[in-house]
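Tertiary structure, described
These are the residues of each chain, in order.
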Amino acid sequence: MSRFEGKVAVVTGAAQGIGAATALRLASEGATVAVVDLTEERAKGTAEEIRAAGGTALAVGLDVSDASSVDAAIDGIVAELGKIDVLVNNAGVTRDNLVFKMTEDDWDVVLDVNLKSVFLLSKAAQRHMVPARSGKIVNLSSISAGGNRGQVNYSAAKAGIQGATAALAIELGPYGINVNAVAPGYVATPMTDATAERVGITPEQMQESAATQIPLRRVATPEDIAAVITFLASADADYVTGQTIYASGGPR
């Protein structure tokens with residue numbers, strides 16, 4: 001397929017997991033991809049994989065929670081690649097703990113990286129999308145938006161993303177810009193693997209346990225979520241905006 005031929009996509013948190021799978025999927029369908037992660041070195045692996053498959057990619061190091069760095073990075077991407085057609089706000093971190101143990105820093109880091117980044121990146125990207133009267137923004141929420149024990153910070157951030165997505169869709173719709181979110185359930189990624197190890201079990205054990213609670217009886221792969229993101233970023237979703245799509249293997 002070549003749904004993204006001639007398009008430029010920016011994917012944050014693209015060194016691994018859902019972000020890497022999304023960058024690879026977009027590139028496989030013709031997009032030129034700016035692979036964004038905390039450092040350029042971290043982003044290089046995905047960018048090199050795209051190039052090895054015959055695609056075009058740019059590795060970009062960026063602290064997505066810093067406004068001046070975001071503005072400079074987006075302007076730099078446009079200067080090098082010419083435009084931005086698709087923005088995937090995927091960057092995220094966890095700092096899980098029960099509320100009585102959670103520090104203010106735990107709260108701030110998670111809200112800054114997961115939620116503030118959506119505001120900063122979307123604001124920077126829309127400066128280029130509005131004049132073009134075209135663009136797709138896809139934000140990563142989570143089923144944790146409905147609340148999850150030990151994740152007061154993460155749940156708040158992911159719920160905030162759903163509200164921000166709806167508001168951005170209302171504001172940017174008149175300029176031909178679609179804004180949607182994807183809310184995955186359990187996905188087998190390095191982030192969830194680290195959670196398993198932190199609680200003293202193997203990633204495989206945690207995945208098997210989680211699968212018993214999922215109607216489809218398996219956890220998601222990063223590629224499962226990338227497929228939904230890619231749909232929302234494509235012309236196939238031109239009349240879909242302001243929505244959060246739950247990709248959780250069952251009802252939310």
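As shown above, the structure is provided for reference.
What comes next is a walk through the structure. (Residues numbered from 1 in each chain as written. Predicted model: local features only at pLDDT ≥ 70, side-chain atom pairs only at ≥ 80, totals over all residues. Heavy atoms only, no water.)

**Concerning the pairing of strand β4 (residues 86–89)**
Residues V86 and V88 point to one face of β4 and L87 and N89 to the other, with burial holding for every one of them. Across three bridges, strand β1 (residues 8–11) lies against β4 in parallel orientation. Bridged to A9 within β4 is V86. In the sheet, β4 pairs with strand β5 (residues 135–140) via four bridges, with the strands oriented parallel. Counterpart to V88 in the pairing with β5 is V138. (Buried < 20%, exposed > 50% of the residue type's maximum accessible area, 1.4 Å probe, protein only. Helix = DSSP H or I, 4+ residues; strand = E, 2+ residues; numbered from the N terminus. Pairing = 2+ DSSP bridges.)

**Things to note about the sheet that holds β4**
The seven strands are arranged β3-β2-β1-β4-β5-β6-β7 in an open sheet whose pairing can be described as parallel. Both outer strands of the open sheet, β3 (56–61) and β7 (244–247), are each paired with one neighbouring strand and no more. Neighbouring strand axes in the sheet, compared pairwise and without regard to direction, differ in orientation by 20° on average. Relative to β7, strand β6 (residues 177–184) is paired through four bridges, and the arrangement is parallel. Bridge pairing links V182 to I245 in β7. Against the sheet, helix α4 (residues 104–132) engages β4, β5 and β6, with an angle of about 180° to β4. (Axes fitted to C-alpha atoms, helices over the stretch in contact; angles between N-to-C directions. Contact = heavy atoms within 4.5 Å.)

Remember that the coordinates give geometry; whether it matters functionally is a separate question.
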